[in-house]
Amino acid sequence: MRQCIFMAALMMLSFMAQAADRHYELHVDGMACPYCAYGIEKKIKALDGVDTSSVEIKLNDGLVIFEADTPEPMDQASLKTLINDSGFTLRQFQVQPINPKQE
Amino acid sequence: MAQTISGHDANESGRGPSSFSTKYRFWRHDTFGAQESAAVFGKVIFDDGDSGHGAEPDGNDYLLGLAYGFEGRKWYRWASVRHRINAETTTGLTRPGVWLVDLVGGVRFSPTEYHEPDWVWMLELNGELIENVTQSVGSAEKQLGGNQWFLSPGLMWTHRNFALKAGVQLLVIDDLSAGQEQDDYRAKIELEWHL
């Protein structure tokens with residue numbers, strides 16, 4: 001009995017650990033300096049469902065990367081607006097499921 | 001927050017006036033790792049600075065300007081032209097307007113990543129073109145106007161959302177009308193915190 005409860009608890013924890021179900025990769029033009037790019041980090045982290053610890057900016061590659069768990073995938077148009085409001089241009093957008101079996 | 005210190009001699013340094021400024025970027029062109037832009041600029045300079053540079057303003061001064069900038073992962077360049085409209089002195093004398101011209105080149109020797117401290121080294125050529133004005137005090141007349149040009153090395157150090165900008169202006173060309181005070185050097189430090 002104890003083993004069953006333990007296994008059930010482990011399975012629940014495992015499910016909760018898979019909160020972020022999509023991986024987003026944004027190719028952004030105009031990111032020349034870290035101080036300028038901070039605005040993107042701030043706006044991305046404010047989005048519902050975003051795993052704030054996953055937000056990453058790679059200046060030398062022109063990339064903004066993050067993971068999020070939302071009912072529907074974030075659409076390119078809304079992310080383009082967010083990047084533009086931050087003062088930059090979204091050039092390319094990629095989204096991939098983190099756990100393909102859940103799709 | 002900015003502090004400006006001007007050097008005339010050991011007895012004439014002091015705190016400059018506080019100010020409020022705004023900028024509107026009306027054009028932008030983004031490419032991979034670089035951004036070009038143009039903006040208009042407005043500023044109000046309040047009459048709360050230390051005295052000791054002659055006539056004290058009786059009211060606020062205003063600054064309007066146009067700027068162009070290119071920022072890349074390695075190279076920077078800026079150019080701007082601004083016009084300063086000065087209030088009269090507390091004794092009713094005219095303070096001449098000033099045209100300010102700035103040409104800036106900068107370099108980031110090591111393109112660091114987002115969470116690393118970032119260093120941009122800059123060299124500026126700053127011109128101050130002062131309108132010719134005659135001030136009459138009783139029977140005496142004082143001629144104001146002329147040009148000053150400064151060579152200004154500086155540094156912009158940032159770490160994520162915190163910036164420190166420091167620089168010194170060194171007078172290299174002085175063509176002011178006789179009797180006017182000139183600045184040997186100016187040093188400035190600015191701290192910015194992007195909330």
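Asks: Give a detailed account of the nonpolar core, specifying residues and quantitative values.
Replies: In terms of nonpolar packing, the biggest core is built from 27 residues, with Leu26, Val28, Ala37, Ile40, Val64 and Ile83 of chain A touching the most fellow members. For this core, the secondary structure elements donating two or more residues are strand S1 (22–29), helix H2 (34–45), strand S2 (50–58), strand S3 (63–68) and helix H3 (76–85) of chain A. At five residues, the largest contribution of residues to this core is made by H2 of chain A. The residues contacting Ala37 of chain A, other than those within four sequence positions of it, are Met31, Ile57 and Leu59 of chain A together with Tyr114 of chain B.

Asks: Account for the pairing of strand S7 (residues 118–137) of chain B, naming residues and giving values.
Replies: All names here are of chain B. Here strand S6 (residues 98–107) pairs with S7 via ten bridges, running antiparallel. Across the sheet, residue Val101 finds its bridge partner in S7, namely Gly127. Judged from the 18 bridges that link them, S7 and strand S8 (residues 140–159) form a sheet pairing that is antiparallel. Bridge pairing in S8 places Leu125 opposite Leu151. Hairpin connection from S7 to S8: two residues lie between these consecutive antiparallel strands, with Gly138 at a positive phi of about 65 degrees.

Asks: Tell me about the pairing of strand S2 (residues 19–31) of chain B, residues and numbers included.
Replies: All names here are of chain B. With one of 13 residues buried, S2 is to be regarded as a mostly surface element. In the sheet, S2 pairs with strand S3 (residues 34–45) via twelve bridges, with the strands oriented antiparallel. Paired with Tyr24 across the bridge in S3 is Val40.

Asks: An account of the interface of chain A and chain B is requested, with residue identities and associated values reported.
Replies: Across the boundary between the two partners, chain A contributes 16 residues, which contact 18 residues of chain B. Looking at the side of chain A that touches chain B, the elements that each hand over two or more residues are H2 and S2 of chain A. Per-element tally for the side of chain A that touches chain B: the top contributor is H2 of chain A, with four residues. When its residues are assigned to classes, the side of chain A that touches chain B shows ten nonpolar, four polar and two charged.

Asks: Which residues make up H2 of chain A, and what values go with them?
Replies: Since there are 3.6 residues in each turn of an α-helix, residues three or four apart along the chain are aligned in direction. The end-to-end C-alpha distance of H2 of chain A, which contains twelve residues, comes to 16 Å, matching closely the 16 Å that a straight helix rising 1.5 Å per residue would cover. When we look at burial in H2 of chain A, the residues that qualify are Pro34, Tyr35, Ala37, Tyr38, Ile40, Glu41 and Ile44 of chain A. Residues of H2 of chain A that are buried sit in contact with S2, S3 and H3 of chain A together with S7, S8 and strand S9 (162–176) of chain B.

Asks: Explain H3 of chain A residue by residue, including any values.
Replies: Residues and elements named next belong to chain A. Those residues of H3 not exposed but buried are Leu79, Leu82 and Ile83. Looking straight down H3, one finds its buried side chains confined to an arc of 95 degrees; they lie on one side. In H3, the exposed positions angled more than 90 degrees off the buried face are occupied by Ala77, Ser78, Thr81 and Asp85. Turning to H3, the residues buried within the fold contact S1, H2 and strand S4 (89–97). Gly87, located one to two residues past H3, shows a positive phi value of around 100 degrees.

Quick notes on the rules
- Residues numbered from 1 in each chain as written.
- Chains lettered and ligands numbered in written order.
- Predicted model: local features only at pLDDT ≥ 70, side-chain atom pairs only at ≥ 80, totals over all residues.
- Core = buried A, V, L, I, M, F, W, Y, C linked by C-beta atoms within 7 Å.
- Buried ≥ 20, exposed ≤ 12 C-beta atoms within 10 Å, placed from the backbone.
- Helix = DSSP H or I, 4+ residues; strand = E, 2+ residues; numbered from the N terminus.
- Contact = placed C-beta atoms within 7 Å.
- Pairing = 2+ DSSP bridges.
- Nonpolar A, V, L, I, M, F, W, Y, C, P; charged D, E, K, R; others polar.
- Expected span 1.5 Å × (residues − 1).
- Arc of directions from axis to C-beta.

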